[in-house]
Structure formats: C-alpha cells, structure tokens
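So you can see what is in the structure, the chains are spelled out below.
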Amino acid sequence: MKRILLVEDNAANRKLIGDHLRRAGYEVREVESADLGIALAISERFDLVVMDVQLPGTDGLTATRLLRASPVTRTLPVLAVTAHAMRGDEERILAAGCNGYAAKPIAYKEFLALVSQLLGASGVNETRGDS
Ligand code: MN
C-alpha cells in the first residue's frame, strides 16, 4: 500500500483530506506542522507528501526546500495544497521543488488523479531502484 504523509495544520482540513486519501486506498500519516513532517519524511518511508503551503512556523514551501536539500527525501514527490492560488503562485510553488499543486477548496476527483499520477511516477523509480 502506498504511504502518504499529510502535512496540514487545520484539523478539519487534515481529516477531510486524510479521509479522501484513505477511501482511495492509501495509508495516510497526518501531522500538523512542517517540522514534524520533515522529521517523519526522513525517518520513515513515504511515497508522497501532501503539503499545505500555509503553515504556522516553517511554511510548506520552506519545508519542501528542506526536503529537496536532504539526500533521503530529495526525490520524494511533494503535492502542495494552497488556499491562495493566485497569479505567480504556481511558479513559486514549483520553484520550491513541489511536483504539483491543488487549490483549496480541493476538487477531490482532480486531486486524487494528481495523487495517482505522482505516485505512478515514483513507482517507476522504485522499480528501477530495486532491479
Ligand atoms: Mn494551513
């Protein structure tokens, strides 16, 4: 089963996103801060991180840059979710190292398609790494 790390500070959003991912068949680990998320991403194996951009303390884009800087999580796919999808945000999010993003309120059909797409890409790499 694919494991997803969900970093979201808002408890209601965290449960909603987590429930959608679990119903889609994923194992989900939920944390409320970037610092907890970074520590977990480095100490455990995940296939994807769903990263809220607006977090208190270390924000989601700073967290993604930190993940990209670590050899352990350098290639771990990160899907950003943001409440402020404005002009220039896509460039900012992708420049931080995120592999894609979804705007809140989340359209779950498109969101889950993007999750599946990013997991598929990582699966190819895993297969290559194992052989
Ligand atoms: Mn937030």
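Please read these numbers as outputs of a predicted model, since none were measured by experiment.

Attention shifts here to the environment of Lys-15. If you trace the backbone, Lys-15 turns up in helix α1 (residues 11-23). Spatially, the C-alpha atom of Lys-15 lies 18 Å from that of Gly-60, the residues being 45 residues apart in sequence.

The relative placement of two packed helices is expressed as an angle between their axes plus a distance between the axes. For the pair helix α2 (residues 34-43) and helix α3 (residues 60-69), interaxial distance at closest approach is 10 Å and the crossing angle is 20 degrees. Regarding the angle of α2 to α3, the classification is roughly parallel. In the packing of α2 onto α3, the handedness of the crossing is right-handed. Contact residues: Ala-34, Ile-38 and Ala-41 in α2; Ala-63, Leu-66 and Leu-67 in α3.

Along the polypeptide, Glu-91 turns up in helix α4 (residues 89-95). The class for Glu-91 is exposed, based on a relative accessible area of 53%. Put simply, Glu-91 and Arg-23 are 68 residues apart on the chain and 31 Å apart in space, counted from C-alpha to C-alpha.

This part covers the coordination of the manganese ion. Around the manganese ion, the donor atoms from the protein are Asp-9 (OD), Asp-52 (OD) and Gln-54 (O), and they sit 2.1 to 2.2 Å away. The sequence pattern formed by the donor residues of the manganese ion is D-x42-D-x1-Q. Taken together, the residues span a long stretch of sequence, with Asp-9 in the loop between β1 (3-7) and α1 and Asp-52 in strand β3 (residues 48-52) at a distance of 43 residues. On the accessibility criterion, Asp-9 (31% relative accessible area) is partly exposed. The class for Asp-52 is buried, based on a relative accessible area of 1%.

Rules behind the numbers
Residues numbered from 1 in each chain as written. Predicted model: local features only at pLDDT ≥ 70, side-chain atom pairs only at ≥ 80, totals over all residues. Heavy atoms only, no water. Helix = DSSP H or I, 4+ residues; strand = E, 2+ residues; numbered from the N terminus. Axes fitted to C-alpha atoms, helices over the stretch in contact; angles between N-to-C directions. Parallel < 35°, antiparallel > 145°, perpendicular 65-115°, else oblique. Left-handed = near helix turned anticlockwise from the far one by under 90°. Contact = heavy atoms within 4.5 Å. Buried < 20%, exposed > 50% of the residue type's maximum accessible area, 1.4 Å probe, protein only. Donors = N, O, S within 2.8 Å, 3.2 Å for Na, K, Ca; no water.

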